[in-house]
Amino acid sequence: MSTLEEQIDIAAPVLAAWEQLHRVHDYPRFVDGVRSAHPHGRNLAHLGVAVGGGERSVDTEITDRGRGRVMAWRTLDSLRLSGAFALLPLDARHTRLQIRVEYDPEAVHQAFGGPRGFAQAGAIERTVREDLQHFRELVEARMPPADHQPSDSGP
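As the structure is a prediction and not an experimental result, all values here were calculated from the model.

(A) Quick peek at the environment of glutamate 5. Inspection of the secondary structure puts glutamate 5 in strand β1 (residues 2-10). Excluding its chain neighbours within four sequence positions, the residues that come into contact with glutamate 5 are Ile99 and Arg100. Polar contacts involving the side chain of glutamate 5 include one to the side chain of arginine 100, which spans 2.3 Å.

Below you can see the structure in the form of structure tokens.
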């Protein structure tokens, strides 16, 4: 298994970011390759993911871990992806989002094709960073103008 960890600061209260993470229908707005997303059941989500001009169905399990603002997820098929989002309040109007993704490089290659080795790791890292940027933009755009001051910090 390979592991990727990234973080980004968001100009929004921790609760606003937490609520956005739970809006499964919005995943296509900030997760590259996700074309559709629908919750089903208490902790499950069904994702339609773009693959080589087509679409692959991926079911995921999403669980919250206590009051610490950590949301864990894992795929329920052979793709074998898992990870967690942790939200840390920096102050009343700023939040740090940390993500950890664990993946099987060979399973990712079989499912999506593309490069292997360092090139694959680099592509996944770029995608996750872009997804975090899109998430930040989405959360910050939903903040009331008086509370919204865009974040200057990078990923």
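(B) Quick peek at the pairing of strand β6 (residues 81-91). Two strands pair when backbone bridges link them, and strand β5 (residues 70-75) and β6 are joined in this way by 5 bridges, in the antiparallel orientation. Bridge assignment links valine 70 to a residue of β6, and that residue is alanine 86. What sits between β5 and β6 in their antiparallel hairpin is a turn of 5 residues, with arginine 80 showing a positive phi close to 55°. For β6 and strand β7 (residues 94-103), the ladder comprises 10 bridges, and the chain directions are antiparallel. Its bridge partner lying in β7, leucine 81 is registered against tyrosine 103. What sits between the antiparallel neighbours β6 and β7 is a turn of 2 residues.

(C) Fine view of the nonpolar core. Of all hydrophobic cores here, the largest spans 37 residues; its most connected members are Leu21, Tyr27, Leu97 and Phe135. Residue contacts for phenylalanine 135: discarding those within four places in its chain leaves Ile10, Ala17, Gln20, Leu21, Phe30 and Leu97.

(D) How the structure looks around the side chain of glutamate 140. Structurally, glutamate 140 is set in helix α4 (residues 117-141). This buried residue, glutamate 140, is left without a salt bridge; arginine 136 holds the nearest opposite charge, at 4.5 Å. Polar side-chain contacts of glutamate 140 include one of 2.7 Å to the backbone nitrogen of alanine 11.

Conventions used here
Here the residue numbering is sequential within each chain, running from 1 through the sequence in written order. Thresholds applied to this predicted model are a pLDDT of at least 70 for local features of residues and 80 or more for the giving and counting of side-chain atom pairs; totals over whole chains, interfaces and linings are not thresholded and use all residues. Side-chain numbers here rest on the full set of heavy atoms in the structure, without hydrogens or water. Secondary structure elements follow DSSP: runs of H or I of four or more residues count as helices, runs of E of two or more count as strands, with numbering from the N terminus. Note on contacts: a residue pair qualifies if any of its non-hydrogen atoms lie within 4.5 Å across the two residues. Distance and chemistry together define a polar contact, namely a pair of N or O atoms within 3.5 Å, with one atom able to donate a hydrogen and the other to accept it when in protein, and with adjacent residues in sequence counting only for side-chain atoms on both sides. When DSSP finds two or more bridges between a pair of strands, those strands are recorded as paired. Residue types Ala, Val, Leu, Ile, Met, Phe, Trp, Tyr and Cys, when buried and joined through side-chain atoms within 4.5 Å, form a set referred to as a nonpolar core. We call a residue buried when its accessible area falls under 20% of the maximum for its residue type, exposed when it is over 50%, and partly exposed in between, using a 1.4 Å probe and counting protein chains only. When charges are tallied, Lys and Arg are placed among the positive residues and Asp and Glu among the negative ones, while His and the ends of the chain are skipped. By convention in these notes, a salt bridge is any Lys or Arg side-chain nitrogen within 4 Å of a carboxyl oxygen on Asp or Glu.

The values reported here are purely geometric and, on their own, carry no functional implication.
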